[in-house]
Amino acid sequence: MTGPATRPVTAVLGPTNTGKTHLAIERMCGHSSGMIGFPLRLLAREVYDRVVEIKGPAQVALITGEEKILPRDARWFLCTAESMPLDRDLAFVGIDEAQLGADPERGHVFTDRLLRARGREETMILGSEALRPMIRALIPDAEIVNRPRFSTLSYAGARKISRLPRRSVIVAFSAEEVYAVAEMLRRLRGGAAVVMGALSPRTRNAQVAMFQSGEVDYLVATDAIGMGLNMDVAHVAFASLRKFDGHRQRRLTVAEMAQIAGRAGRHQRDGTFGALSETGPGAFTPEEILAIEEHRFPRLEHLHWREGEPSVASIDDLIADLEQRPLSPVLRAAPEAVDLAVLKRLAEEDGVRDRTRGAATVKRLWAACGLPDFRKLGVDPHTRFVARVHGYLSTGTGHVPHDWFAAEIARLDNVNGDVETIAGRIAGARSWAYIANRADWMAEPQLWAARTSALEERLSDALHDRLTQRFVDRRTTVLMRQLGGDAGALAVTVAEDGAVSVEDQSIGRLEGFHFVVAADARASDKRLLLAAAETRLGAERARRAAALATAPDGALALGTGERPEICWAGHPVAYLRPGPALTRPRIELVRALDCLDKADRDRIKARLVGWVAAQVARHAAAIAAVEAMARDPAATAALRVIAAALGTGAGLAARLPLGEAIEALVGTDRQRLRKAGIVIGALDLFDPRLLKPVAMRWRVALLAAQSGKALATLPPPGATVLARGAPGASAVMGFRAIGAQAVRIDLVERLARAAHDARAGKAPFTPDSALATSIGIAPATVDRLMGQLGFRAAPPEQGVPRWVWRGRPPRVKAVTAPRDNAFAVLAQITGRHG
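Once a new chain begins, its residue numbering starts again from 1 and follows that chain's sequence as written. In view of the model being predicted, local features appear only for residues whose pLDDT reaches at least 70, and side-chain atom pairs are presented and counted only at 80 or more, with totals across whole chains, interfaces and linings using the full set of residues. Hydrogens and water are ignored here; the side-chain numbers use all heavy atoms of the structure.

J.: Is there a simple way to think about the overall build of the protein chain in this case?
T.: Helix and strand assignments follow DSSP, with helices taken as H or I runs no shorter than four residues and strands as E runs no shorter than two, numbered in order from the N terminus. Helix and strand content of the protein chain: 29 helices and 34 strands. For this measure, only C-alpha atoms enter the radius of gyration; the expected value for a globule follows 2.2 Å times N^0.38, where N is the number of residues. Here the protein chain has a C-alpha radius of gyration of 46 Å; the compact-globule value for 834 residues is 28 Å, and the former is much larger. Reported as C-alpha extents along the three principal axes, the dimensions of the protein chain are approximately 140 × 65 × 45 Å. Only protein chains enter the accessibility calculation, which uses a 1.4 Å probe; a residue whose area is less than 20% of its type maximum is buried, one above 50% is exposed, and one in between is partly exposed. The buried share among the 834 residues of the protein chain stands at 51%. Residue-level accessible areas treat just the shown protein chains as cover; the underlying method is Shrake-Rupley with a 1.4 Å probe. Working note: accessible area of the protein chain is about 37,600 Å², and carbon and sulfur atoms make up 52% of it.

J.: Can you walk me through the pattern of salt bridges in this structure?
T.: Side chains carrying opposite charge are able to pair once their charged atoms draw close together. Salt-bridge detection follows one rule: a side-chain nitrogen of Lys or Arg within 4 Å of a carboxyl oxygen of Asp or Glu. Going through the model one piece at a time under the given rule, you end up with 48 salt bridges. The partner of Glu-129 in a salt bridge is Arg-299, and the shortest N-O contact between them spans 3.6 Å. Placement of the pair is Glu-129 in the loop between strand S7 (122–127) and helix H4 (132–138) and Arg-299 in the loop between helix H8 (286–294) and strand S17 (303–305), with a sequence separation of 170 residues. Exposure remark for Glu-129: the relative accessible area of 13% places this residue in the buried category. For Arg-299, a relative accessible area of 43% puts it in the partly exposed group.

J.: Which parts of the structure should I look at to understand the pairing of strand S2 (residues 34–38)?
T.: Look at any regular strand and the pattern is simple: side chains alternate between the two faces of the sheet. Of all five residues in S2, five are buried; the element is thus mostly enclosed. Burial of the side chains of S2 extends over both faces: Gly-34, Ile-36 and Phe-38 are buried on one face and Met-35 and Gly-37 on the other. Pairing geometry for S2 and strand S5 (residues 76–80), over five bridges, is parallel. Paired with Gly-37 across the strands is Cys-79, a residue of S5. Here, strands pair whenever DSSP counts at least two bridges between them.

J.: For this particular structure, what's the right way to read unusual backbone geometry?
T.: The bulk of non-glycine residues show a negative phi, and the bulk of peptide bonds are trans. At Glu-97, a residue that is not glycine, the phi angle is positive and equals roughly 55 degrees. Its location among the elements puts Glu-97 in the loop between strand S6 (92–95) and helix H3 (107–116). In this model, Lys-376 sits at a positive phi of 55 degrees, which is unusual for a non-glycine residue. Position of Lys-376 relative to the elements: it lies in the loop between helix H12 (359–369) and helix H13 (379–393).

J.: Hey, could you run me through the nonpolar core in this one?
T.: For soluble globular proteins, the rule of thumb is that nonpolar side chains tend to be buried together. Each nonpolar core is a collection of buried residues, namely Ala, Val, Leu, Ile, Met, Phe, Trp, Tyr and Cys, held together in the definition by side-chain atoms within 4.5 Å. Membership of the largest hydrophobic core comes to 61 residues, with the highest contact counts inside it found for Leu-343, Val-389, Phe-405 and Ile-435. Throughout, a contact is declared for two residues whenever any of their heavy atoms are within 4.5 Å. When near neighbours in sequence (up to four residues on either side) are disregarded, Ile-435 contacts Leu-371, Phe-385, Val-389, Val-400, Phe-405, Trp-441 and Met-442. Val-573, Ala-638, Ala-650 and Ala-695 belong to the second-largest nonpolar core, a separate cluster that totals 55 residues.

J.: So what exactly am I meant to see when it comes to the state of the cysteines here?
T.: In a disulfide, the sulfur atoms of two cysteines are held together by a covalent bond. When the sulfur atoms of two cysteines come within 2.5 Å, that pair is taken as a disulfide. This structure, assessed with the given rule, holds zero disulfides. Here Cys-79 is not cross-linked by a disulfide; its sulfur's nearest cysteine counterpart is in Cys-29, at 14 Å. The cysteine Cys-595 is free of any disulfide, with Cys-567 supplying the nearest cysteine sulfur at 17 Å. On the accessibility criterion, Cys-595 (35% relative accessible area) is partly exposed.

J.: Help me out: how do you make sense of the pairing of strand S16 (residues 271–275) in this one?
T.: Across the five residues that make up S16, a large majority, four, are buried. Sheet analysis places strand S9 (residues 153–158) next to S16, joined by four bridges and oriented parallel. Paired with Tyr-155 across the strands is Phe-273, a residue of S16. Summarising the sheet, strand S13 (residues 235–238) and S16 pair through four bridges and their orientation is parallel. Residue pairing in the sheet places His-235 in a bridge with Thr-272 of S16.

J.: What is the right way to look at the packing of helix H5 (residues 175–189) against helix H16 (residues 445–471) in this model?
T.: Structural elements are reduced to axes, namely lines fitted to C-alpha atoms, with helices fitted over the stretch in contact, and the angle between N-to-C directions of any two is expressed from 0 to 180 degrees. Close contact between H5 and H16 brings their axes to 8 Å; oriented N to C, the two are set at 55 degrees. What the angle tells us is that H5 and H16 run oblique. Facing H5, whose interface residues are Tyr-179, Ala-182, Glu-183 and Arg-186, H16 presents Leu-467, Arg-470 and Phe-471. Residues belonging to the contact of H5 with H16 are distributed by class as follows: four nonpolar, no polar and three charged. Any angle that falls under 35 degrees is termed roughly parallel, while one over 145 is termed roughly antiparallel, one within 65 to 115 roughly perpendicular, and all others oblique. Ten residue types, Ala, Val, Leu, Ile, Met, Phe, Trp, Tyr, Cys and Pro, are classed as nonpolar, four, Asp, Glu, Lys and Arg, as charged, and the remainder, Gly among them, as polar.

J.: Explain helix H9 (residues 315–322) to me, please; I cannot follow it from the model alone.
T.: Count 3.6 residues to each turn of an α-helix, and residues three or four apart come out pointing the same way. Within H9 the residues assigned to the buried category are Ile-315, Leu-318, Ile-319 and Leu-322. Viewed end-on, H9 has its buried residues packed into an arc of 95 degrees, placing them on one side of the element. Packing partners of the buried residues in H9 comprise helix H10 (338–347), helix H11 (350–354) and H12. When we speak of the arc, we mean the arc of directions from the helix axis to the C-beta atoms.

J.: How do you make sense of the sheet that holds strand S4 (residues 68–69) when you look at a structure like this?
T.: Through backbone hydrogen bonds, the strands of a sheet pair up, either in parallel or in antiparallel fashion. Spatially, the eight strands line up as an open sheet ordered S4-S3-S5-S2-S6-S7-S1-S8, and their pairing is mixed. Either end of the sheet is taken by a strand with one partner, and the two such strands are S4 and strand S8 (143–146). The pairing of strand S3 (residues 60–63) with S4 spans two bridges and is antiparallel. Residue pairing in the sheet places Ile-63 in a bridge with Lys-68 of S4. Across the face of the sheet, helix H1 (residues 20–29) comes into contact with strand S1 (9–13), S2, S5, S6 and S7 while running at roughly 170 degrees to S7.

J.: What is the right way to look at the packing of helix H21 (residues 621–631) against helix H22 (residues 637–648) in this model?
T.: Two measures define how a pair of helices packs: the angle their axes make with one another and the distance between the axes. Interaxial distance between H21 and H22 falls to 8 Å at its minimum, and their mutual angle equals 140 degrees. By the angle class used here, H21 and H22 are oblique. As for how H21 packs across H22, the hand of that crossing is left-handed. Along the contact surface, H21 presents Val-626, Met-629 and Ala-630, while H22 presents Leu-639, Arg-640, Ala-643, Ala-644, Leu-646 and Gly-647. Counted by class, the contact of H21 with H22 contains seven nonpolar, one polar and one charged residues. Should the near helix be turned counterclockwise from the far one by less than a right angle, the crossing is left-handed, whereas a clockwise turn marks it as right-handed.

J.: I'm lost on the sheet that holds strand S28 (residues 679–680) in this one. Help?
T.: Reading across the sheet, the three strands line up as S27-S29-S28 and stay open at both edges, with antiparallel pairing between neighbours. Strands at the two margins of the open sheet, each flanked by one partner only, are strand S27 (652–654) and S28. Note: S27 against strand S29 (residues 684–686), three bridges, orientation antiparallel. Residue pairing for S29: Ala-653 is matched across the bridge by Leu-685.

J.: Would you take a moment to explain the packing of aromatic side chains for this structure?
T.: Aromatic ring pairs are reported here in terms of the distance separating the ring centres and the angle at which the planes meet. For Phe, Tyr and Trp, rings pair up if their centres lie within 6.5 Å, where Trp contributes its six-membered ring, and each pair is then called stacked (planes under 30 degrees apart), edge-to-face (over 60) or tilted (otherwise). Inspection of the entire model under this criterion finds 17 aromatic pairs. Ring geometry for Tyr-392 and Trp-404: centres 5.2 Å apart, planes at 45 degrees, overall tilted. With Tyr-392 in helix H13 and Trp-404 in helix H14 (residues 402–412), this residue pair connects regions lying 12 residues apart in the sequence. Overall, the relative accessible area of 9% leaves Trp-404 in the buried class. Through successive ring pairs, a cluster of aromatic residues spans Phe-385, Tyr-392, Trp-404, Phe-405, Trp-432 and Trp-448. The cationic tip of Arg-167 hangs over the ring face of Phe-211; the distance from NZ or CZ to the ring centre is 3.9 Å. Cation over ring: Arg-470 sits above Tyr-179, and NZ or CZ is 4.9 Å from the ring centre. Ring-over charges, as used throughout, are those where CZ of Arg or NZ of Lys falls within 6 Å of the ring centre and within 35 degrees of the ring normal.

J.: Would you mind going over helix H25 (residues 693–707) with me for this structure?
T.: Look at H25: 21 Å from first C-alpha to last across 15 residues, which is about the 21 Å you get at 1.5 Å a residue. By the burial criterion, the buried members of H25 are Ala-695, Met-696, Trp-698, Arg-699, Val-700, Ala-701, Leu-702, Ala-704 and Ala-705. Of the surrounding elements, those touching the buried residues of H25 are strand S23 (556–558), strand S25 (571–581), strand S26 (584–589), helix H20 (598–619), H21 and S27. Downstream of H25 by a residue or two, Gly-708 has a phi angle that is positive, lying close to 75 degrees. A helix is expected to span 1.5 Å multiplied by its residue count minus one.

Remember that the coordinates give geometry; whether it matters functionally is a separate question.
So this is what it looks like as structure tokens:
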């Protein structure tokens, strides 16, 4: 495509956001054919998609190292600079970002295209204003057109990540720094999209789509963002102003700063730029700020050059041409690139020289050396890889063998792993895609190009998923977007099961009145989610407060936790605390109800107090009755002593310590106890109704509330006989320990009555064992029980045990007290005072 210098060349120069690329696309599409070379595969792909919409896929080609879409009738070509087919006769040729000719690593490619790539009818060179002197020196007849920026770019100062405005791009200069910034944004702002030059177009497009659609408000990118990628950016923040250029760590040039900062603003909408640090090496100097705002940058004084059409007569001729010095004073010899370094190493191998003895074989060797080091392995490892590829290309059929190619891409075909692992596989896949897209390197290039393309797509989708999982919290993004706005604008929904969602993003559950953050939220996110819930759930909590204040009895229940609590809809709403009496515990609302106003809390507390009173009256009436007797000054001392003991035991008391008080009872006392439901048994005093499961639960809850201790273990529902020491086998639960067993006290009373019914005076008798056997009482337990009831063993008759009544069981000295000092007696019995 070289030709006379009289062919029209136009250089369109200016800062970013001037529409240069858009102009080039329009001009190309206005010609019968055309080509544009871009600095990035991503950008070439983006413009390819735009031109396909205009011209249709049958006439548009995409040519990059790793991807070729080349329809038979293609007339418009979008390429990376390295992949431009200079042998085609096309009406229009454009070169984008031509100032990259000053880049030490790739500059010689752009300089070569600047000098040699020409369109039949028009050539357009796009670049920054800094390129002007180079155009004047190298292409004197070129028309230079200045394109002013459509909008204003201004410095907005340094801002912390937490204070960056929406639609911001944060630029970092290493993968580690990109990931660190993205992670911080995920924690503080809900997340960010990530764009790096190493991403495949598919992953990059998916990430950018999240940013463009507003799914995330921030994007973290490397300096590849400065190369014309089309995005709606309001602010560009620099995480750093230093980068590693392949040789050393250095500060960005003002032109590089401006190239990146210029992505802010779109068309006629102004943009801003700034840094994350106010001081130190990460801060802009006043001179840099002024230069960027006024688009005044140092002009380029030289471009890097390397012979674009070296001789391939021999390896030595090829190397000599690639190392020759430029003739123009504005051109400098390019630093040794990777391809030349690989060539020189391979040239030292005898086997390579033996297989490379003609122009065709030298050209093939040079093509193999052009295989990019996508994996960034370094010259030596990459040379070994190229040597193997060239070995296949220079022997046998001259093709890379299918079995090796297939095994290598199969090894990469794994979507498991983290971001770095999958990104590494994509880099490996790019090497194989490059090989597959060299039509003369594979026996079936189309088949293997399709295979590598499918592999890259799978890995790209997986990488997009990993990046999104790692750096995007959609839940936090939604909340951050809404928290600063109108409270009524946030769409908070509470499902029937209590699940709380904001714009279809689950943020947690409302358990009663307590908001529980979603289990998958990180610790750093919980404060934000709690704040959102507290701000937005007031109406739902008020509705629940009204429902609780009027809840029917069936909607309330004793809890099953360690502390005595009242539950509503399965969630604790209050605790039972020590009150003036066992049957009158104090009600303390759980802290989750502190979010309600005082009037609602008072109504709820009144409802719970009433409910507890009703439940006590229903299930523990005997306890309330004996508490009243113990406080009745008109009752006899004996009755008050017994009532106090029964009150302390929540309706249960052993008979033996109360023996003298029981004997001192008069007829009316016994009648009052009987009316209250109290049975004066042979060994215990109790109300049988208190041994039922529901009543037992209330007894345990009231005792725990009064003592401030945890709930005692309940016996299994319906249990009558337990092993001694088993859970629930205690006197508090209404069980009497007898030998190795514990028997419920009402059954003990039934056995006592059966024994007395069976005896005839003081003659020996044999009690009916059917009852004891039916409820599981062991013979040894029966023997001990008979002794406690006042019987002694008589000589057996035909091996059958017999018993003789010996009178009431032995007494222990019971406490006595004057009639008017019943509570003093109670103090002696129980050890409680006051």
